[in-house]
Every structure is written in C-alpha cells, then in structure tokens.
Amino acid sequence: MLARMGPVLLLWLAVCLGGTWAVDRGNFKTCDQSAFCKRQRAMKPGESPYRALLETMELTNTRLTLQLINDNNKVRLLLELYRLQGNITRVKINELKPLKPRYEVPDVLIREPPTEPLSLLSQDENGVVLSLGPESQRVIVSARPFRLDIVEGRDVLMSLNSRGLLGFEHLRMRKDTFSYKVTSTVASVWDNIKRVFSSSQADPEAENKEGTDPSNQAETTKEEEEKVEDGMWEETFKSHTDSKPNGPSAVSLDFSLPGVEHVYGIPEHADTLKLKTTDSGDPYRLYNLDVFQYELYNPMALYGAVPVMLAHNAQRTTGIFWLNAAETWVDISSNTAGKTVFGKMLDYVQGSSETPQTDVRWISESGIIDVFLMLGPTPRDVFSQYASLTGTQAFPPLASLAYHQCRWNYNDQEDVRSVDAGFDEHDIPYDFIWLDIEHTDGKRYFTWDPHKFASPKEMLQGLMDKKRKMVAIVDPHIKVDTNYKIHNEIRSRGFYVKNKDGGDYEGWCWPGSAGYPDFTRPDMRAWWASQFAYDQYEGAMENLYTWNDMNEPSVFNGPEVTMHKDALHGSWENRDLHNLYGLYVQRATTEGLIERSGGVERPFVLTRAFFAGSQRYGAVWTGDNAAEWDHLKISIPMCLSLGLVGISFCGADVGGFFKSPSTELLVRWYQTGAYQPFFRAHAHLDTPRREPWLFGPENTALIREAIRQRYTFLPYWYQLFYHAYHTGEPVMRPLWVEYPQDPATFALDDEFLLGRDLLVHPVTEEGARGVTAYLPGKDEEVWFDIHSFQKHNGGQNLYIPVTMSSIPVFQRGGAIIPRKLRVRRSSTCMEHDPYTLYVALNNQRTAEGELYIDDGHTFNYEKKEFIHRRFSFTNGVLSSVNLEPDAQFTTKSWVERIIILGASKPSMITLKTADGEENQLEFDFDASVFVLTIRKPGMNAGADWTVTLQ
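Residues numbered from 1 in each chain as written. Predicted model: local features only at pLDDT ≥ 70, side-chain atom pairs only at ≥ 80, totals over all residues. Heavy atoms only, no water.

Caption draft 1: Fine view of the overall build of the protein. Broken down by element type, the protein carries 19 helices and 53 strands. Across its three principal axes, the protein shows a C-alpha extent of roughly 105 × 70 × 50 Å. Accessible area of the protein: about 34,500 Å², with a carbon and sulfur share of 50%. Side chains of the protein give 98 positive and 126 negative charges; the mean places of these two sets differ by 0 Å. (Helix = DSSP H or I, 4+ residues; strand = E, 2+ residues; numbered from the N terminus. Areas by Shrake-Rupley, 256 points an atom, 1.4 Å probe, with all protein chains shown as cover. Lys, Arg positive; Asp, Glu negative; His and termini not counted. Charge placed at Lys NZ, Arg CZ, Asp CG, Glu CD.)

Caption draft 2: Expanded view of helix α10 (residues 456-465). Listing the buried residues of α10 in full gives P456, M459, L460 and L463. When α10 is viewed along its axis, its buried side chains cluster within an angular range of 95° and face the same direction. Residues of α10 that are exposed and angled more than 90 degrees away from the buried face: E458 and D465. Looking at the buried positions of α10, the neighbouring elements they touch are α9 (413-425), β22 (432-435), β23 (469-473) and β27 (544-548). Once α10 finishes, K467 follows within two positions and takes phi at roughly 60°, a positive value. (Buried < 20%, exposed > 50% of the residue type's maximum accessible area, 1.4 Å probe, protein only. Arc of directions from axis to C-beta. Contact = heavy atoms within 4.5 Å.)

Caption draft 3: Inspection of unusual backbone geometry at higher detail. Of note, the bond from P267 into E268 is cis; its omega dihedral lies within 30 degrees of zero at 25°. In this fold, E268 is placed in the loop between β14 (262-265) and β15 (284-286). E552 connects to P553 through a cis peptide bond whose omega is 5°. Summarising the element assignment, P553 is placed in the loop between β27 and β28 (568-569). Its identity is not glycine, yet K467 carries a phi of approximately 60°, on the positive side. Mapped onto the elements of the fold, K467 is located in the loop between α10 and β23.

Caption draft 4: Representation of the environment of R587. Examined against the element boundaries, R587 turns out to sit in helix α14 (residues 581-596). R587 sits 88 residues away from N499 along the chain, and the two C-alpha atoms are 24 Å apart. If we ignore the near neighbours within four places in the chain, the residues touching R587 are D107, R525 and Y617.

Caption draft 5: Representation of the side chain of H262 within the structure. Its location among the elements puts H262 in strand β14. With a relative accessible area of 15%, H262 lands in the buried category. For H262, the residues in contact, after removing those within four places along its chain, are K274, L310, A311, H312, F746 and A747.

Caption draft 6: Region of the structure containing the nonpolar core. Formed by 175 residues in total, the largest nonpolar core has its most connected members in F321, W528, Y670, Y675 and L754. Top element by residues in this core is helix α15 (residues 629-644). It accounts for nine residues. Residues L64, L79, L132 and W322 belong to the second largest nonpolar core, which totals 50 residues. (Core = buried A, V, L, I, M, F, W, Y, C linked by side-chain atoms within 4.5 Å.)

Caption draft 7: Structural view of the state of the cysteines. Following the criterion strictly, the structure yields two disulfides and no others. Here C31 engages in a disulfide with C37; their sulfurs sit 2.0 Å apart. Taking the sign of the S-S torsion, -100° for the link of C31 and C37, the bridge is left-handed. C639 shares a disulfide with C650; S-S distance 2.0 Å. Here the disulfide of C639 and C650 is left-handed, its torsion about the S-S bond being about -75°. With C639 in helix α15 and C650 in strand β32 (residues 650-651), this residue pair connects regions lying 11 residues apart in the sequence. By sequence order of its bonded cysteines, the protein has the disulfide arrangement 1-2, 3-4. With no disulfide of its own, C406 lies closest to C650 among cysteine sulfurs, the gap being 16 Å. Accessibility expressed as a relative area gives 2% for C406, which makes it buried. (Disulfide = S-S within 2.5 Å.)

Caption draft 8: Representation of the packing of α15 against helix α16 (residues 663-673) in the model. Running from N to C, α15 and α16 point in directions that differ by 5°, and their axes come no closer than 10 Å. Classed by the angle they form, the pair α15 and α16 counts as roughly parallel. Each of W629, H631, L632 and S635 in α15 lies in contact with α16, whose residues at this interface are E664, L665, R668, W669 and T672. Looking at side-chain class alone, the contact of α15 with α16 contains four nonpolar, three polar and two charged residues. (Axes fitted to C-alpha atoms, helices over the stretch in contact; angles between N-to-C directions. Parallel < 35°, antiparallel > 145°, perpendicular 65-115°, else oblique. Nonpolar A, V, L, I, M, F, W, Y, C, P; charged D, E, K, R; others polar.)

Caption draft 9: Structural context of the sheet that holds strand β45 (residues 847-853). The strand order across the open sheet built from 11 strands is β50-β49-β53-β47-β46-β45-β43-β44-β48-β52-β51, with neighbouring strands paired in mixed fashion. One side of each edge strand has no neighbouring strand; the edge strands of this open sheet are β50 (918-920) and β51 (922-926). The mean angle between the axes of side-by-side strands here comes to 20°, regardless of whether they run parallel or antiparallel. (Pairing = 2+ DSSP bridges.)

Caption draft 10: Geometry of the packing of aromatic side chains. Per the stated rule, a full pass over the model turns up 52 aromatic pairs. Plain terms: the ring middles of W322 and W362 are 5.7 Å apart, the flat faces sit at 15° to each other, and that makes the pair stacked. Of this pair, W322 sits in strand β17 (residues 317-322) while W362 sits in strand β19 (residues 356-364), and the two are 40 residues apart along the sequence. For the pair formed by W322 and W362, the shared burial category is buried. Counting every residue linked through ring pairs, the aromatic cluster contains F432, W434, Y545, W547, F604, W621, F649, F678 and F721. Lying across the ring of Y545, R596 places its NZ or CZ 5.6 Å from the centre. (Phe/Tyr/Trp six-rings, centres within 6.5 Å; stacked < 30°, edge-to-face > 60°. Lys NZ or Arg CZ within 6 Å of the ring centre and 35° of its normal.)

Caption draft 11: Highlighting the pattern of salt bridges. Inspection of the entire model under this criterion finds 69 salt bridges. Ionic pairing is found between K276 and D271, a salt bridge with its closest N-O pair at 2.4 Å. Given the relative accessible area of 35%, K276 is considered partly exposed. Owing to a relative accessible area of 4%, D271 belongs among the buried residues under this scheme. (Salt bridge = Lys/Arg side-chain N within 4 Å of Asp/Glu carboxyl O.)

Caption draft 12: Looking closely at the sheet that holds strand β2 (residues 63-70). Read across the sheet, eight strands follow the order β1-β2-β3-β4-β20-β17-β16-β14 without closing on themselves; strand pairing throughout is antiparallel. Two strands lie at the open edges of the sheet, namely β1 (50-59) and β14, each paired on one side alone. Averaged over all pairs of adjacent strands, the angle between their axes in this sheet comes to 20°, without regard to strand direction. The pairing of β2 with strand β3 (residues 76-84) spans seven bridges and is classified as antiparallel. Its bridge partner being in β3, I69 is matched across the sheet by R76. Here helix α8 (residues 379-390) sits on the sheet in contact with β3, β4 (88-95), β16 (308-312), β17 and β20 (369-374), set at roughly 25° to β17.

Caption draft 13: Local environment of the confidence of the model for the protein. Confidence in the prediction of the protein, expressed as mean pLDDT, is 93, and 90% of residues score 70 or more. The low-confidence segment residues 1-20, where pLDDT is below 50, has 28 contacts with residues more than four positions distant or belonging to other chains. Here residues 336-345 is modelled with pLDDT under 50, and outside its nearest four sequence neighbours on either side it reaches 25 contacts, counting other chains as well. (pLDDT = per-residue confidence, 0-100.)

Caption draft 14: Broad picture of the pairing of β17. Burial analysis of β17 places six of its six residues in the buried class, the great majority of the element. With burial as the criterion, each face of β17 is covered, one bearing T317, G319 and F321 and the other bearing T318, I320 and W322. With five bridges connecting them, β16 and β17 associate as antiparallel partners. Bridged to A311 within β17 is T318. Between β16 and β17, which pair antiparallel in sequence order, lie four residues. In this sheet, β20 lies alongside β17 in antiparallel orientation, the contact comprising four bridges. Each bridged residue has a counterpart across the sheet, and for I320 the counterpart in β20 is L373.

Caption draft 15: Layout of the side chain of S827. As for its placement among the helices and strands, S827 is situated in the loop between β43 (815-819) and β44 (835-840). For S827, the residues in contact, after removing those within four places along its chain, are A399, A402, D431, Y711 and L714.

Caption draft 16: Looking closely at helix α17 (residues 697-712). Over its 16 residues, α17 runs 22 Å from end to end, which matches the ideal 22 Å to within 8%, given 1.5 Å per residue. For α17, every residue scored as buried is listed here: N699, T700, L702, I703, A706, I707, Q709, R710, Y711 and T712. Its buried side turned inward, α17 meets β21 (403-405), α16, β34 (679-681), α18 (714-727) and β43. (Expected span 1.5 Å × (residues − 1).)

Caption draft 17: A look at the environment of R668. Relative to the assigned elements, R668 resides in helix α16. For R668, a relative accessible area of 1% translates into the label buried. Distance from R668 to R361, taken between C-alpha atoms, is 39 Å for residues 307 residues apart in sequence. When neighbours within four sequence positions are excluded, R668 is seen to be in contact with W629, L632, V763, A768, V802, T803, M804 and S806. Looking at R668, its side chain comes within polar contact range of the main-chain oxygen of M804, at 3.4 Å. (Polar contact = N/O pair within 3.5 Å; in protein donor to acceptor, adjacent residues only side chain to side chain.)

Next up, the structure:
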C-alpha cells in the first residue's frame with residue numbers, strides 16, 4: 001500500500017508518524033515571510049494618505065456613500081456606511097473603479113442585513129455627523145485625514161483609522177506586460193492632450209476628475225513606483241511559488257477601543273482567552289491550516305478562522321466582525337489614550353489622557369473591507385447582533401450531546417463489536433462509535449474496506465439494536481483513480497478545483513494523488529449532498545453520521561500543507577476565499593444528511609476547518625492535540641473563544657490525540673470533557689489502546705463516574721443548546737459574560753459557566769491536592785457544590801481540596817436544574833426515564849429554571865412539537881407552568897424526586913395537580929446540609945402542578 005503512495009507522501013508520513021512530536025514552524029509563514037503582511041505592517045501610524053471627499057457624499061434613507069482619495073496615488077475608494085437593525089453599524093470600503101471585481105464573501109450572512117434610517121445632524125468642511133438613533137449615538141466622519149468615530153453621549157465607543165493605518169492596495173496592471181505598455185502609452189498621450197487644452201489652475205474640478213479617469217486607476221507616481229517590492233507579483237516560500245496574477249491586493253484598517261483592556265475571540269488559536277498584545281511578535285493569524293501537533297500559547301494559525309473580536313470593560317461589550325475570507329493577520333496593541341492618538345476632540349470627550357485603550361489592526365490579503373461594528377452594549381446584545389448576521393448554533397440531536405468513542409482506527413467489524421460490548425460489560429454508557437480513514441476501501445470515501453468492513457449494515461444494525469450510532473469519516477480529498485465512481489463523476493462534471501493553468505488541481509493526501517472538489521459551487525455542493533442518499537452511499541443507514549476532517553484543505557505537498565493560493569474556484573483564486581472552504585464542505589455534508597431523510601432528521605457533522613457561520617452546520621473540535629497537561633488546560637480557553645463567536649458545539653480529543661496520557665491525565669481529561677459541549681475520546685494510530693476499562697478497576701470506576709455525570713445532566717445540556725439555537729448565546733461561557741462588571745472575571749480561563757447556572761473548575765494540574773475556584777457574585781450569589789451540597793458565598797476565591805474522584809462543579813443559588821439519574825447504556829434508552837429537579841435557593845429563598853423536551857432527533861420542534869416549561873420556587877411554593885401554550889408534545893417521563901438545597905424543614909408538603917387534586921408528599925430533611933428531598937411526587941413532566949411547603 002505504502003509503495004503506491006509515492007515518495008512525497010511517504011516523507012510526510014515519516015515526519016508525522018515518526019518520533020518528532022512537535023510542529024515544524026519552518027513549514028508555516030511568519031508575518032515577515034508573508035509579503036502582504038510585511039508590507040502592511042511596515043506602514044507607520046499617523047501618516048494616513050486618505051481623505052474624505054465630502055462633496056461626493058450621498059445620503060439616502062438606508063446608507064451613506066462617500067469617496068475617499070489616496071493623496072499619494074490619487075486612487076479613489078468608495079466608502080459605504082449602513083445603520084443596521086439591532087445596534088450594528090456596517091462599513092464597506094472598495095475601490096471606486098477597480099480594474100476587475102474584488103471578492104466579496106457570499107453565503108456567510110444569513111440574509112442581507114435589514115437597515116434603519118440614518119440622518120444627518122451637521123456638516124462642515126471638516127466632516128459630517130450622523131445620528132445612529134438610540135442613546136444619542138452618532139457617527140463622526142472626519143475628512144482630513146479620513147477617520148470615523150462612533151460616539152455615544154460623551155463616550156467614544158470605537159474609532160476607525162484613528163492611527164492612520166487604512167491600507168488598500170488597488171488592482172493594477174503589471175508593468176512588464178504588453179497590455180500595461182499599451183495602456184500606459186495611451187494614457188501618456190491622453191495626458192499630453194489634456195495639458196494642451198486645459199489648465200489645472202482654471203479647472204477647480206480637475207482634482208476630482210483625476211483618479212476617476214480609468215487610466216488613473218492603474219497609474220502611480222514616481223514615488224509610488226519606487227515602492228514596488230518583492231512579493232507583490234510573485235512570492236516564493238520554501239519550494240513553492242505563488243504566481244499572484246492580480247498583483248498586490250491587500251486591505252487593512254485599524255480600530256481604536258478607548259477604555260478597553262480586554263479583547264477576545266478571533267479563533268482558532270491555542271492561546272489564552274484574553275488576547276495578548278502582538279507588539280513584540282507576530283500578529284494573530286487567521287488562515288485555515290493543517291498544523292501537525294500545534295504549539296500552545298502562540299498566535300500561529302490553526303484549522304479554523306472566525307474573524308470576530310469582542311471587546312469588554314465593566315461598562316460595555318462591543319464586537320468587530322471583519323467579513324473577509326482571505327489570509328488575515330490581526331495586530332493588537334494596548335496603550336493609554338492621549339493627545340497624539342485622539343487629538344483635542346477626544347481629549348475633551350475622554351476628560352483624561354490616562355484612559356486605557358486597545359488598538360486593533362486587521363490585515364487581509366485580498367477582497368474588500370466589509371466590517372460590522374456590533375455596539376452591544378451587553379454581552380448578550382453582542383451575541384444577538386452577531387447571530388442576526390451569521391445565524392445561531394444548529395440544534396443538535398440529543399444523542400450527539402452524549403459520549404463519543406473514537407480512535408484512528410477501529411480495525412474491523414469485530415473490533416467495533418468488541419468495543420461496543422466492552423462498554424456494556426463495564427457499565428459505561430456511550431452513544432456513538434467512530435471510524436477513521438482506515439474503514440474505507442483504500443481511502444476512497446463513501447466506501448468500506450471489503451475485507452475489514454464487509455457487512456456495514458449488519459454492523460450498524462447491531463448498534464441500532466442497542467440504540468447506538470456510528471460516525472464515519474468523509475474527507476474532501478478524492479483519490480485520483482479511474483476505477484473510483486466518486487472521482488469519475490466529479491471529473492466528468494468539471495467539479496474539481498483548477499490549477500492556475502486550468503487543469504484539475506491535484507495534491508497529495510491520505511489516498512496519494514487526490515483531487516479537491518470545488519465546494520464553493522452550489523451545483524457541486526448539491527451533487528455532494530446527493531451522495532449521502534441511502535441508494536448512493538452503500539452500507540449507510542439512518543444511524544450513520546459524518547465527520548469532515550482535513551478540510552482546510554490539507555494538501556501534504558502544498559505550500560504550508562494546504563492548497564496553492566493561485567488555484568482557481570471558477571474565476572476566483574483560492575487566495576480570495578481560502579478560509580471558506582471548510583465551511584462549504586461541512587455545509588454540503590450537512591445538507592446531504594438532511595436530504596437523505598427527506599428533511600425530517602437532524603444531522604450531526606463534525607468539522608475540523610470552519611469560518612464565521614459554521615455554527616449553522618454542526619460541531620467542531622480543536623484538532624490534533626497531544627496527551628499533555630497543557631493541552632488539557634488549553635481546551636478550556638479554546639472552546640470558550642469559539643463559543644464567544646457563535647460556535648457552541650466545541651470539544652477537544654479526550655486523552656489527547658498524539659502521545660499516550662498517564663492514567664492520571666486520562667482520568668482528569670474525562671472529568672473535564674464531561675463538562676464540555678462535545679465529548680469525544682480520540683487517539684492516534686500509533687498510540688496504545690485506551691478504552692476506558694484498560695487502566696485498572698479504580699480508574700475504570702473514575703472514568704465511568706465522569707461519563708455518568710454527563711448523562712445525568714443531558715436534560716440541562718439539551719436545554720442550553722435549544723437556547724443557543726434561539727439566541728446565539730454560548731453554551732460554555734466565560735464568567736464575565738454573566739458578571740460583566742466584575743473585573744476579577746475578565747481574564748479567567750481555567751473555569752467556566754455552562755449556561756448561567758453551573759460553574760465548573762476542572763482539575764487540570766498534575767498531582768493536584770486542591771484547586772482555587774473564583775465564585776462570582778459578591779453580596780448577591782450563593783453557590784452549592786453539586787456533590788456535597790455545601791453552600792458557599794459568591795465573591796470569593798474558594799480553596800477546594802481534591803482527590804482523584806473530584807470534579808469541582810457548583811450550582812448557582814436561584815437555579816433549578818432538571819437531571820435524569822437513571823443512567824442507561826445510551827441517551828436514547830433514557831428517553832422516557834423520570835426527572836429529578838435540583839432546586840438551589842438563593843439568599844431571597846427563590847429559584848427558577850426550565851425544562852425542554854422534544855423527540856430528540858427530528859426537525860418537528862420547528863412545528864411546535866415540544867414541551868417547554870418554567871419551574872419557579874417562591875414563598876415556599878414550587879410550580880411548573882407552560883412557556884409555550886401553543887406547542888404540542890407528550891412525554892412519558894415524570895418527576896420522581898425534588899431536591900431543595902438551602903432549605904429549611906417543613907411540617908408538611910402537598911402536591912396540587914392541574915385537575916385540582918391534592919396529595920401529601922413524603923420527604924426527608926438533612927439538617928447537616930439543609931437539604932430537603934421530596935420523594936416520588938409522580939407528576940408528568942409536561943403537566944402543570946404546584947408543590948407547597950408548609
């Protein structure tokens with residue numbers, strides 16, 4: 001097999017599978033090695049050549065347009081400004097008359113964002129002031145140099161080009177081409193004719209005409225000509241040459257955030273939650289890459305890119321969404337606002353020159369500037385604003401929130417059967433078992449190895465009989481093989497990405513020589529989706545779901561292990577849309593899983609590469625991590641960062657993909673993963689087997705307990721995902737989201753909240769005897785340890801002694817959380833099981849919570865087939881009321897127990913049901929921890945009822 005793969009792939013495999021377990025940084029560019037980044041970063045602040053031509057301003061009810069001119073080369077840009085519904089401002093900047101169209105990102109916004117009226121407040125020769133409607137919000141456009149400030153009252157919320165780092169490389173003709181020489185000769189003759197017949201002194205419009213003439217769009221001054229640098233028209237990295245047929249086309253813009261010291265987002269990076277300043281190193285890079293064994297705590301690019309940043313201080317949360325799918329670098333610096341940055345006007349607004357400030361600069365290789373300024377003011381407002389643009393997290397099937405068992409690779413059907421039986425034998429629940437690339441016939445996706453997986457339907461039926469499911473990998477690199485149906489169809493339809501010369505682009509990946517389908521094409525995506533139909537994907541059944549890996553795309557012999565930038569997707573280069581490829585792969589796969597069921601069943605698709613909007617199509621994971629303590633720690637800020645930008649369904653490979661974890665690390669990773677949204681164990685081909693029962697009875701028991709805890713909380717997880725689907729709020733969230741005025745929470749990333757009501761501080765230190773958890777909510781909150789029911793006040797750093805069985809988790813006082821304590825072999829087996837309600841009382845002795853129930857797997861919830869109830873406890877009465885009276889669904893589940901934390905002992909408890917019937921209930925009271933347990937109240941989970949404590 002390996003002999004057929006060729007020398008390039010063998011070399012790559014030798015590096016990957018050999019003893020070198022670390023990223024080779026030399027395979028990936030620094031900013032200095034990326035010509036456009038180096039050029040843009042060399043610009044000096046305070047020297048902006050751009051000014052606004054106020055006489056070109058046009059204001060309609062929905063938008064403002066205004067021309068900008070670069071005084072160095074006379075090239076004009078068109079600024080468009082929109083006020084959008086929901087407190088969002090959109091700013092677009094493009095060339096006024098580009099030589100050819102520049103790429104604008106399609107398919108990411110869920111609709112053309114609805115606008116609201118803009119009105120002109122004042123105008124003079126220095127600028128214009130526009131009203132943004134609410135709260136005395138205004139946009140101030142200054143003319144010379146061009147700058148844009150968004151102001152509310154006396155506060156500047158955000159400034160654009162305040163440091164003068166707007167850069168826009170206009171499309172131009174290459175000087176050493178025949179067409180350029182013809183054009184420049186005609187332009188030169190035209191200039192001479194103009195000089196004879198006109199005088200620039202006599203024509204006040206001369207400056208305006210200059211630059212709008214097409215000949216001027218490609219013209220540069222002598223000074224500009226001298227600035228032509230290496231890398232503008234061709235660039236070489238290692239052995240790869242990028243032909244750059246369109247020449248330099250980079251765009252950049254700076255943003256100043258007065259009063260801000262904490263910024264977050266722009267995943268994916270293996271770094272802290274709070275983004276660091278980049279003055280002394282590389283900017284954060286957004287360029288989807290297959291980075292082998294990535295390093296931690298640096299700004300290198302990883303598998304996905306979401307160009308969204310959140311800024312937060314105790315007064316306000318804002319966001320910047322930079323809609324550009326080309327390679328992007330983000331510089332962050334922090335200083336104090338002063339006269340040199342803001343001038344007299346902002347000194348007046350700020351009232352002090354000591355205000356902290358963060359400055360951010362975005363640099364992209366091509367495309368246009370299209371940026372959405374999400375003005376909050378609360379964290380929830382920003383989540384809602386971003387969701388209104390790119391959509392919310394897809395509502396997943398309930399089973400996908402349970403535990404997943406994976407490795408590269410389960411060897412054959414007997415191996416799958418044996419592992420499945422092992423879970424039953426050791427009384428450990430699981431819902432999905434996964435197959436990696438070795439299950440296919442020679443890395444031909446949509447096929448099965450004829451010897452190892454000869455009867456896939458028999459295997460799937462065996463899982464279905466136990467109410468379990470399978471995920472099989474389908475990667476987007478297609479083996480070039482004329483005996484392979486998928487390849488032949490894609491080639492005959494012309495669906496492959498093309499190389500710069502127009503032939504099918506080929507690169508090396510797992511199958512050897514591979515083609516790459518052009519997923520940017522709607523017809524290609526529709527065809528791909530059709531391949532998941534049961535009559536096309538031989539052996540597939542309704543309990544088979546899909547994993548899209550390697551979709552950055554990974555090209556083993558390509559530059560930076562990815563596709564050449566001058567590869568062609570129709571008329572666009574990969575350079576223009578690179579970061580979108582993975583989103584399109586997942587989208588097409590997701591649509592295929594929906595279509596195969598006639599639109600009835602919810603899909604589950606895991607992707608490695610992603611972009612803004614990927615949340616609409618499924619789950620992501622943090623890629624090829626390692627069995628190291630620091631990789632366990634980094635899983636928390638990596639998933640928190642993704643949640644902040646809309647992607648809630650995130651997890652990390654439990655145990656680490658590369659290397660072999662110590663038993664202690666493996667146990668701690670299960671305990672952490674059990675409280676992260678996507679919960680999957682995965683391991684590399686070369687690592688020893690690590691199913692949960694292979695580490696001795698004690699560790700088996702610890703891992704079993706962690707997984708069982710996950711299953712008891714599935715009703716809460718499901719409700720959180722339903723909420724995320726409706727609101728865009730993250731499931732797993734940093735503490736500052738709920739405690740936005742508490743600076744102690746702003747940089748915390750070793751603990752997190754699930755929804756509002758569970759606080760989790762996993763043990764991520766080797767040999768830990770204790771952890772210190774910050775419990776927020778000084779003078780307001782109380783927190784209950786979910787295991788001991790011990791009560792703790794908010795606003796303190798609590799030291800918690802730990803043993804190997806400890807998972808520090810706290811329920812917020814004031815919250816009611818439904819759980820299912822009868823854990824069975826899979827989540828589907830628990831569908832009709834009863835609920836236990838955990839009622840944690842706050843200082844006011846009240847609490848509230850919700851319960852959401854539907855069938856767990858179809859889209860019928862869109863037809864109002866669900867139960868959504870609110871529980872509330874006040875004045876000694878616990879009640880259940882219907883939140884959606886027009887919804888219709890029935891459940892066999894009932895309430896078997898109510899546990900009230902922080903209670904006092906009642907003399908009597910009565911239940912009153914909707915039909916008016918009253919019954920006394922049995923209860924126990926533990927005075928040592930003030931816990932009241934009400935036994936078998938017995939009401940249906942979908943019914944109205946009240947329980948009264950007397």
